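Structural overview
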Amino acid sequence: MEKYEKLEKVGEGTYGKVYKAKDKATGQLVALKKTRLEMDEEGVPPTALREVSLLQLLSQSLYVVRLLSVEHVDGGSKRKAAAAAAAEGAGAGEGHGGAVGGGKPMLYLVFEYLDTDLKKFIDSHRKGPNPRPVPAATVQNFLYQLLKGVAHCHSHGVLHRDLKPQNLLVDKEKGILKIADLGLGRAFTVPLKSYTHEVVTLWYRAPEVLLGSAHYSIGVDMWSVGCIFAEMVRRQALFPGDSEFQQLLHIFRLLGTPTEKQWPGVTTLRDWHVYPQWEPQNLARAVPSLGPDGVDLLSKMLKYDPAERISAKAALDHPFFDSLDKSQF
Ligand code: AMP
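Description of the structure in this document. Note that the structure is predicted; figures quoted are calculated from it, not measured. (Residues numbered from 1 in each chain as written. Predicted model: local features only at pLDDT ≥ 70, side-chain atom pairs only at ≥ 80, totals over all residues. Heavy atoms only, no water.)

1. Some points on the overall build of the protein
- The secondary structure content of the protein amounts to nine helices and eight strands.
- Restricting the contact set of the protein to residue pairs at least 6 apart, pairs at least 24 apart contribute 68%. (Helix = DSSP H or I, 4+ residues; strand = E, 2+ residues; numbered from the N terminus. Contact = heavy atoms within 4.5 Å.)

Now the structure itself:
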């Protein structure tokens, strides 16, 4: 880790802090992420190796944040850990306390650095000195890149499971969007609380996940993409629930309470209850500045029956993107 000069903390992920750092040899800015992939006496556990190689494979897409390197920090011996802590320098602040005194060896992931994320990008259009809509061409362009990244992951059999604006990194100058925080160690579930007990957002979570479905698939990511699409247009979240129950009610109030006819099997899901009966509202009214093609695509991403939800690959061919110059991708 001495190869990197740790700069400031840039974010908190579900599983740990993210630091901006500089590669001392090349001057390249990178993002350092401590993983939960702990080493044991036997070295790197095979599950960790599998996850890292999968991440490496996925990060070959232009639309997935690039994994530059994986660093193994040996926290085993007191002396080495103390030396590493000293080498980190005064500016580094924290993070090495656990290593001194026989801390666990850890894996750090080194990613390319992008200057902002989609949450900050949308916020800067909603508030601050210059509130303005996100230009329609930017919405179209970012959604296309997001779908490219998601299609790439799905074609390798990987679900993200936690797509949200904070996980989408943006290079404002170049107009590039990339998916970050790909399911490391998140084999089966997304926790409700982060490592700092921060509440994990439910706003992008698909109804089948909220209803406790045991088997879910690519539809969960497409639901999140739909919510993110709407949020870029509205500059505010489509379904801002603060509990799993409230999250479902937000969805039901807009899209109508789901029925067996629309979504066969819904009433047999583990967490299904009897809910108030709402009629579906006009989706276009929730995204007033979006044209009919956009509303049509959004409605296909927000289908209740996950099997009916549009795939990322099919979405890329939707008429909403007809006016986009695809040669740049
Ligand atoms: P994550 O755990 O990937 O969701 O990261 C949490 C936050 O850290 C994100 O919302 C970003 O603001 C920031 N971040 C993560 N990865 C990077 C990166 N490669 N470059 C710049 N910022 C990042």
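2. Some details on the site of the ligand
- The environment of the ligand is formed by 18 residues, the closest being Lys-33, Glu-112, Asp-117, Gln-166 and Asn-167.
- Between an oxygen atom of the ligand and a side-chain N or O atom of Asp-117, the distance comes to 2.8 Å.
- Residue Lys-120 places a side-chain N or O atom 3.4 Å away from an oxygen atom belonging to the ligand.
- If the ligand stood free it would expose 480 Å²; the protein chains cover 95% of that surface.
- Every element with two or more residues in the shell around the ligand is listed here: strand S1 (4-12), strand S3 (29-38) and strand S5 (106-112).
- Among the elements that line the shell around the ligand, the one with the most residues is S1, at three residues.
- A per-class count over the shell around the ligand returns eight nonpolar, four polar and six charged.
- Taken domain by domain, the makeup of the shell around the ligand includes at least three residues from each of domain 1 (4-112) and domain 2 (116-328). (Near = heavy atom within 4 Å. Polar contact = N/O pair within 3.5 Å; in protein donor to acceptor, adjacent residues only side chain to side chain. Areas by Shrake-Rupley, 256 points an atom, 1.4 Å probe, with all protein chains shown as cover. Nonpolar A, V, L, I, M, F, W, Y, C, P; charged D, E, K, R; others polar. Domains from an automatic or database assignment.)

3. Examining the pairing of strand S2 (residues 17-23)
- Within S2, five of the seven residues are buried, which leaves it mostly tucked inside the rest of the structure.
- Sheet topology note: the S1/S2 ladder contains six bridges and is antiparallel. What sits directly across from Lys-6, in S2, is Ala-21. (Buried < 20%, exposed > 50% of the residue type's maximum accessible area, 1.4 Å probe, protein only. Pairing = 2+ DSSP bridges.)

4. Some thoughts on the environment of Leu-298
- Relative to the helices and strands, Leu-298 is located in helix H8 (residues 292-301).
- Those residues in contact with Leu-298, other than ones at most four positions away along the chain, are Gly-226, Phe-229, Ala-230, Leu-283 and Val-287.

5. Points about the side chain of Asp-181
- In this fold, Asp-181 is placed in the loop between strand S8 (176-179) and helix H5 (207-210).
- Looking at Asp-181, its side chain comes within polar contact range of the side chain of Lys-33, at 3.0 Å.

6. Side note on the packing of aromatic side chains
- Applying the stated criterion to the full structure yields 14 aromatic pairs.
- Aromatic pair Phe-229 and Phe-320: ring centres 5.2 Å apart, planes at 50°, arrangement tilted. A residue pair is termed long-range when its members are at least 10 positions apart, and Phe-229 in helix H6 (residues 219-234) and Phe-320 in the segment after helix H9 (312-316) qualify at 91 residues. For the pair Phe-229 and Phe-320, a shared accessibility class is recorded, and that class is buried.
- Seen in terms of ring centroids, Phe-252 and Tyr-304 are 6.3 Å apart; in terms of plane orientation they differ by 70°. Their pairing is edge-to-face. Of this pair, Phe-252 sits in helix H7 (residues 244-255) while Tyr-304 sits in the loop between H8 and H9, placing them 52 residues apart in sequence.
- Here Tyr-304 falls in the buried class, since its relative accessible area comes to 5%.
- Grouping aromatic residues by their ring pairs yields a cluster made of Tyr-63, Tyr-144, Phe-229, Phe-320, Phe-321 and Phe-329.
- Between the NZ or CZ atom of Lys-6 and the centre of the ring of Tyr-19, over which it lies, the distance is 4.1 Å. (Phe/Tyr/Trp six-rings, centres within 6.5 Å; stacked < 30°, edge-to-face > 60°. Lys NZ or Arg CZ within 6 Å of the ring centre and 35° of its normal.)

7. Focus: the sheet that holds strand S7 (residues 168-171)
- Spatial strand order, S6-S7-S8: three strands in an open sheet with antiparallel pairing. The open sheet has two edge strands with one neighbour each: strand S6 (116-117) and S8.
- Bridge analysis of S6 against S7 gives two bridges, and the strand direction is antiparallel. The partner of Asp-117 across the bridge, within S7, is Leu-169.
- Contacting S7 and S8, helix H4 (residues 136-155) crosses the sheet at an angle of about 30° to S8. (Axes fitted to C-alpha atoms, helices over the stretch in contact; angles between N-to-C directions.)

8. A few points about the pattern of salt bridges
- Counted by the stated rule, this structure contains 13 salt bridges.
- The salt bridge partner of Lys-178 is Glu-112, with a shortest N-O separation of 3.0 Å. With Lys-178 in strand S8 and Glu-112 in strand S5, this residue pair connects regions lying 66 residues apart in the sequence.
- Residue classification places Lys-178 among the buried residues on the basis of a relative accessible area of 10%.
- In this structure, a network of salt bridges that share partners links the residues Lys-119, Asp-123 and Arg-126. (Salt bridge = Lys/Arg side-chain N within 4 Å of Asp/Glu carboxyl O.)

Note that every value here comes from positions in space, so none of it alone points to a role or purpose.
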